[in-house]
Amino acid sequence: MNWIILILAGLMEVAFTFCLGKTKITVGAERLWWWGGFLAALSLSMFLMAKAAEKLPIGTVYPVWTGIGAVGAVLVGIFFFNEPTNFWRIFFITTLIISIIGLKVIG
């Protein structure tokens, strides 16, 4: 169950990254809604990460949380914000995913 909580915390990090990206391209009231989403996702992400850290080692929790967020942020950038895709970006994201899986296996 703690791993599910940790994965949800990482996904909330991706959500707040998405909301932050939307604040860059919106104006007025719409921007305020995205800022609200950012704050809500950020708060939930931190809360869930803290819950996961109650039972899992922090040396595993934090890298997995940031890894999910980093991979998710790159994918959000590529799919929603037209950021560039090249061999090296995909290569390093793949190595990051393998590292996250490795932490799960040894944890």
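Read on for a plain summary of the structure.

### What to know about the overall build of the chain
Counting its regular elements, the chain contains four helices and zero strands. Helices and strands appear in the chain in the N-to-C order α-α-α-α. Its C-alpha atoms put the chain at 45 × 35 × 15 Å along the principal axes. Sorting the 107 residues of the chain into buried and exposed places 33% on the buried side. Entry remark: accessible area of the chain is about 6700 Å², with carbon and sulfur atoms responsible for 75%. If the 7 positive side-chain charges of the chain are averaged to one point and the 4 negative ones to another, these points end up 3 Å apart.

### Let's talk about the packing of aromatic side chains
Note on aromatic pairs: each is described by the distance of the centres and the angle between the planes. Inspection of every chain in the model, using the stated rule, returns eleven aromatic pairs. Ring geometry for Phe18 and Phe81: centres 5.8 Å apart, planes at 40°, overall tilted. Of this pair, Phe18 sits in helix α1 (residues 2–25) while Phe81 sits in the loop between α3 (58–80) and α4 (87–106), placing them 63 residues apart in sequence.

### A short note on helix α2 (residues 28–53)
Between its first and last C-alpha, α2 extends 38 Å over 26 residues, near the 38 Å set by a 1.5 Å rise per residue. Within the sequence span of α2, burial applies to Phe38, Ala41, Ser45, Leu48, Met49 and Ala52. Where the residues of α2 are buried, they touch α1 and α3.

### Some details on the pattern of salt bridges
Side chains that carry opposite charge are capable of pairing whenever their charged atoms lie near each other. All told, the structure shown has two salt bridges when counted by the stated rule. Across the salt bridge formed by Glu54 and Lys51, the nearest N and O atoms sit 3.6 Å from each other. Residue classification places Lys51 among the partly exposed residues on the basis of a relative accessible area of 34%. The partner of Glu83 in a salt bridge is Arg89, with the nearest N and O atoms 3.5 Å apart. Using a relative accessible area of 25% as the deciding quantity, one classes Arg89 as partly exposed.

The rules behind each value
- Residues numbered from 1 in each chain as written.
- Predicted model: local features only at pLDDT ≥ 70, side-chain atom pairs only at ≥ 80, totals over all residues.
- Heavy atoms only, no water.
- Helix = DSSP H or I, 4+ residues; strand = E, 2+ residues; numbered from the N terminus.
- Buried < 20%, exposed > 50% of the residue type's maximum accessible area, 1.4 Å probe, protein only.
- Areas by Shrake-Rupley, 256 points an atom, 1.4 Å probe, with all protein chains shown as cover.
- Lys, Arg positive; Asp, Glu negative; His and termini not counted.
- Charge placed at Lys NZ, Arg CZ, Asp CG, Glu CD.
- Phe/Tyr/Trp six-rings, centres within 6.5 Å; stacked < 30°, edge-to-face > 60°.
- Expected span 1.5 Å × (residues − 1).
- Contact = heavy atoms within 4.5 Å.
- Salt bridge = Lys/Arg side-chain N within 4 Å of Asp/Glu carboxyl O.

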